[in-house]
Amino acid sequence: MLLLAIDTSTSAIAVALHDGRRVLAERSTIDARHHTEHVAPSITAVLDDAGHSAADVTAVAVGVGPGPFTGLRVGMVTATVFGHARGIPVHGVCSLDALAHEAVATGAVQGEFVVATDARRKEVYWARYAAEAADGAPRARRLTDPAVDYPATVAEQLDGAPVVGRGAVLYPELLGPQAGPLDVSAAHLAAVALQALGEGAALPVEPLYLRRPDAAPSHPRKPVTQAAPHGRA
Amino acid sequence: MSADLPLVLGIETSCDETGVGIVRGEELLVDAIASSVDEHARFGGVVPEVASRAHLEAMVPTLERACTQAGVRLADLDAISVTSGPGLAGALMVGVAAAKSLAVALGVPLYGVNHLASHVAVDIVEHGPLPEPTLALLVSGGHSSLLLVPDVTHDVQSLGSSIDDAAGEAFDKVARVLGLPFPGGPHIDRAAREGDSVAIDFPRGLTSGRDMERHRFDFSFSGLKTAVARWVEARERSGEPVPVGDVAASFQEAVVDVLTRKAVLACRENGVEHLQIGGGVAANSRLRAMAQERCDAAGISLRVPRPGLCTDNGAMVAALGAQMVLKGRAPSELSLPADSSMPVTAVQA
Ligand SMILES: [Zn+2]
């Protein structure tokens, strides 16, 4: 068992290699605008660190968001293409679940809590969780479907629950104080995937966009010099 | 390297087509395309987020289809090439990430290449090795460029480009004025066949004295588009029917006249004997006909790939990637970015 885990739904470009028992190697780069640059080099780096080659990987887990679309797609297409090229399964994990898992596993939260991440446009992606310990293994049970809302709307429903993720740092007066991790860790994403697979759950690889696309057509920029922008065909 | 010649897979996602092509040396094995154009039609233009979503959905199925049709296994590939720019940023990123992932998963080199240079290179798989130098006229919804191409793998020079609307954009906008559907190119072409191309004297942008000094090989289609709109509106105001065929034919004639006139002039002044036309507008029948006439008269050989290879596709990216391998160019770094405004002079990322 060699699971390659990838998440690009938050500011971190996160990649990890998990052998089913422990994390063999991990890379995390905070660079919210340059997901495309970091993912592939991170994959080769974790493979090198662990002394493995791409051919040794037996499955891929990927964060399916919610998260800013452009970055999210970089991780998802990387995962699906890698799985296709190697002929191995690809599993989708709600990225908020990875943050929740880390918060519980590291003891940052107890009882009920909320995970809130940056959705841009003054909104957050969020879901409510309960910390549990089943058979001694810490886990986070999701109580609500992932949603996108204004921080004020989330604040009204907090009911004193601590907030995990970057959302609490971005909107401290509404969602603070912040608890647990800020961005997704691929190691914890791997743990969530392994837990779910162990329970026989199906993990579809469907992006959680939660918003319809903006329907404004692109207007190719008007070049004054030679660097011609490009639109259709 | 399998069977002596490099087997290269190219990925193109700079706009609304998810293209995957496979080339062996200079032979095209497959050109698989998934287009989201229908989803954009009701908006009258390409919606970037819709295009990006479609690229993610279509990527693996298109890769699969390309391999099946070509009878090639991914494991047989010698290199991957991908459009790294210019284009829509979010759309490019899906293709670049996919290409990198393939390169890592298969352990093969990656070439990030320029979309415009790929439009030129595609003719190699259609008509054989590219004469050097070649002059290329690239006309589409996104670009109108005259390029001097001494070597498509590393030396592409820009002689001029549109200073406002791209040629294809003008076709789309005039089509809208005439009540014809998006994309406008094929509909204008069809309507023009029923019309008289000298019925209305529309302006030829940047062809007069001063402009020919300052913008010798540049294009401008914005004034033409406005002139057409004014003419049509005046007709409508006077209550007379709009002669759609005549307007389409006269507009098309004005565009094609300027494009071919400047392309032939550029060939002459640079001592180039070969002209290639690419981009979606190269499918226009009047452009092909007038270019042929003028090239024949000037002793220039004309190469135009078949329409399916003129529009955006993966084959052109694979074709350029294969040239990179054949000419021994070094691969790109795995950290290469998607560059939405990649200059045409940068062939490789
Ligand atoms: Zn193009």
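Residues numbered from 1 in each chain as written. Chains lettered and ligands numbered in written order. Predicted model: local features only at pLDDT ≥ 70, side-chain atom pairs only at ≥ 80, totals over all residues. Heavy atoms only, no water.

As annotated in an unreviewed UniProt entry, chain B carries the name tRNA N6-adenosine threonylcarbamoyltransferase and is attributed to Pedococcus cremeus. For chain B, the Sequence similarities (unreviewed entry) comment in UniProt is given as "Belongs to the KAE1 / TsaD family." The record in UniProt for chain B states the following under Subcellular location (unreviewed entry): "Cytoplasm". (UniProt positions renumbered as here; feature names shortened; annotations may be inferred.)

Chain A is annotated in an unreviewed UniProt entry as tRNA threonylcarbamoyl adenosine modification protein YeaZ of Pedococcus cremeus.

Enquirer: What am I meant to see in the overall build of chain A here?
Expert: Helices and strands together make up the secondary structure of chain A, namely 7 helices and 11 strands. A compact globule built from 233 residues should have a C-alpha radius of gyration of about 17 Å, and chain A, at 18 Å, falls within 12% of that. Projected onto the principal axes, the alpha-carbon positions of chain A cover approximately 65 × 45 × 25 Å. Residues counted as buried form 54% of the 233 residues belonging to chain A. When the accessible surface of chain A is summed, it comes to about 9500 Å², and 50% of that surface belongs to carbon and sulfur atoms. In chain A, 19 positive and 24 negative side-chain charges are present, and the distance between their average locations comes to 9 Å. (Helix = DSSP H or I, 4+ residues; strand = E, 2+ residues; numbered from the N terminus. Rg over C-alpha atoms; globule rule 2.2 N^0.38 Å. Buried < 20%, exposed > 50% of the residue type's maximum accessible area, 1.4 Å probe, protein only. Areas by Shrake-Rupley, 256 points an atom, 1.4 Å probe, with all protein chains shown as cover. Lys, Arg positive; Asp, Glu negative; His and termini not counted. Charge placed at Lys NZ, Arg CZ, Asp CG, Glu CD.)

Enquirer: Please explain the UniProt feature "domain: Gcp-like" (unreviewed entry) in chain A as it appears in this structure.
Expert: Mapped onto this numbering, the UniProt entry annotates "domain: Gcp-like" (unreviewed entry) at residues 31-155 of chain A. Secondary structure across residues 31-155 of chain A divides into 40% helix and 29% strand, with the first and last C-alpha atoms of the span separated by 28 Å.

Enquirer: Help me out: how do you make sense of the domain arrangement of chain B in this one?
Expert: Accessible area lost upon the coming together of the parts is a frequently used measure of interface size. All names here are of chain B. Here the domain parsing of chain B yields domain 1 (7-122 + 313-326) and domain 2 (134-306). For domain 1 versus domain 2, the separation of C-alpha centres amounts to 27 Å. On the side of domain 2, 16 residues touch domain 1, which itself brings 16 residues to the contact. The junction of domain 1 with domain 2 conceals about 1200 Å² of combined surface from both sides, 76% of it contributed by carbon and sulfur atoms. The largest per-residue losses of area from domain 1 upon contact with domain 2 belong to L116, H119 and V120, which jointly make up 44% of the total buried on that side. In this structure, the connection of domain 1 to domain 2 is made through 0 salt bridges. If you look at where domain 1 meets domain 2, you find 2 residue pairs in polar contact (both at pLDDT 80 or more). (Domains from an automatic or database assignment. Contact = heavy atoms within 4.5 Å. Buried area = accessible area lost by both parts, 1.4 Å probe. Salt bridge = Lys/Arg side-chain N within 4 Å of Asp/Glu carboxyl O. Polar contact = N/O pair within 3.5 Å; in protein donor to acceptor, adjacent residues only side chain to side chain.)

Enquirer: Whenever I open this one, the pattern of salt bridges confuses me. Can you help?
Expert: A side chain with one charge can pair with a side chain of the opposite charge if their charged atoms come near. Following the criterion strictly, the structure yields 27 salt bridges over all chains and no others. With its nearest N and O atoms 2.7 Å apart, the salt bridge here joins D49(A) to R27(A). Of this pair, D49(A) sits in helix α1 (residues 35-50) while R27(A) is found in strand β3 (residues 23-30), placing the two residues 22 residues apart along the sequence. Linking K327(B) and E132(B) is a salt bridge whose minimum nitrogen-to-oxygen distance equals 3.0 Å. Of the two residues, K327(B) sits in the segment after α13 (314-326) while E132(B) sits in the loop between α5 (123-127) and β6 (134-139), which places them 195 residues apart along the sequence. In this structure K327(B) comes out as partly exposed when scored by relative accessible area, which is 35%. Residues joined by salt bridges that share partners form a network here, namely E132(B), D151(B), K327(B) and R329(B).

Enquirer: Where do I start with the coordination of the zinc ion in this structure?
Expert: Reference geometry at the metal: tetrahedral coordination by four donors gives ideal angles of 109.5 degrees; octahedral coordination by six donors gives 90 or 180 degrees. Residue and element names in this part refer to chain B. Within the first shell, the zinc ion binds the protein through H115 (NE2), H119 (NE2) and D312 (OD), at distances of 2.1 to 2.3 Å. The motif formed by the donor residues of the zinc ion, counted along the single chain, is H-x3-H-x192-D. Highlighted residues: H119 in helix α4 (residues 115-121) and D312 in the loop between α12 (307-310) and α13, separated in sequence by 193 residues. (Donors = N, O, S within 2.8 Å, 3.2 Å for Na, K, Ca; no water.)

Enquirer: Is there a simple way to think about helix α2 (residues 48-70) of chain B in this case?
Expert: An α-helical segment advances 3.6 residues per turn. Residues three or four places apart therefore align on the same side. Of all the bends in α2(B), the greatest reaches close to 45° and is centred on A58(B); the proline P61(B) follows between one and four positions later. G71(B) sits one or two residues past α2(B) and shows a positive phi near 65°. (Bend = angle between axes of the 7 residues up to and from the residue.)

Enquirer: Explain the nonpolar core here, please?
Expert: Buried together is how nonpolar side chains tend to be arranged in soluble globular proteins. Counting 64 residues, the largest nonpolar core has L4(A), I43(A), F82(A), L9(B), I11(B), I80(B) and L102(B) as the members making the most contacts within it. Beyond its immediate chain neighbours, meaning those up to four positions away, L102(B) contacts V81(A), A85(A), L9(B), I11(B), L63(B), L74(B), I80(B) and G107(B). Core analysis: the second largest hydrophobic core is formed by 48 residues, F171(B), A192(B), A249(B) and V272(B) among them. (Core = buried A, V, L, I, M, F, W, Y, C linked by side-chain atoms within 4.5 Å.)

Enquirer: Can you walk me through the environment of I13(A) in this structure?
Expert: Residue and element names in this part refer to chain A. Examined against the element boundaries, I13 turns out to sit in strand β2 (residues 12-18). Along the primary structure I13 and L3 are separated by 10 residues, whereas in three dimensions their C-alpha atoms are 17 Å apart. Leave out the neighbours within four places in its chain, and I13 touches D7, T8, R27, S28, T29, D31, H34, H35, H38 and V39.

Enquirer: Looking at this structure, I do not really get the pairing of strand β7 (residues 124-134) of chain A. What am I missing?
Expert: Two faces, one strand: in a regular strand the side chains alternate between the faces of the sheet. Residues and elements named next belong to chain A. Sheet topology places strand β6 (residues 112-118) next to β7; 7 bridges connect them, and they run antiparallel. Paired with A116 across the strands is W126, a residue of β7. Turn length for the β6-β7 hairpin, with the two strands adjacent in sequence and antiparallel, is 5 residues, and the turn residue R120 shows positive phi of about 60°. Where β7 and strand β9 (residues 147-149) come together, 3 bridges link them in antiparallel fashion. The residue bridging Y125 from the neighbouring strand is V148, located in β9. (Pairing = 2+ DSSP bridges.)

Enquirer: Please explain the environment of V113(B) as it appears in this structure.
Expert: Residues and elements named next belong to chain B. Structurally, V113 is set in strand β5 (residues 110-114). Judged by its relative accessible area of 0%, V113 falls in the buried class. With 150 residues separating them along the chain, V113 and A263 place their C-alpha atoms 24 Å apart. The residues touching V113, leaving out its near neighbours within four places in the chain, are V82, T83, S84, G85, S118, V317, L320, M324, M342, V347 and Q348.

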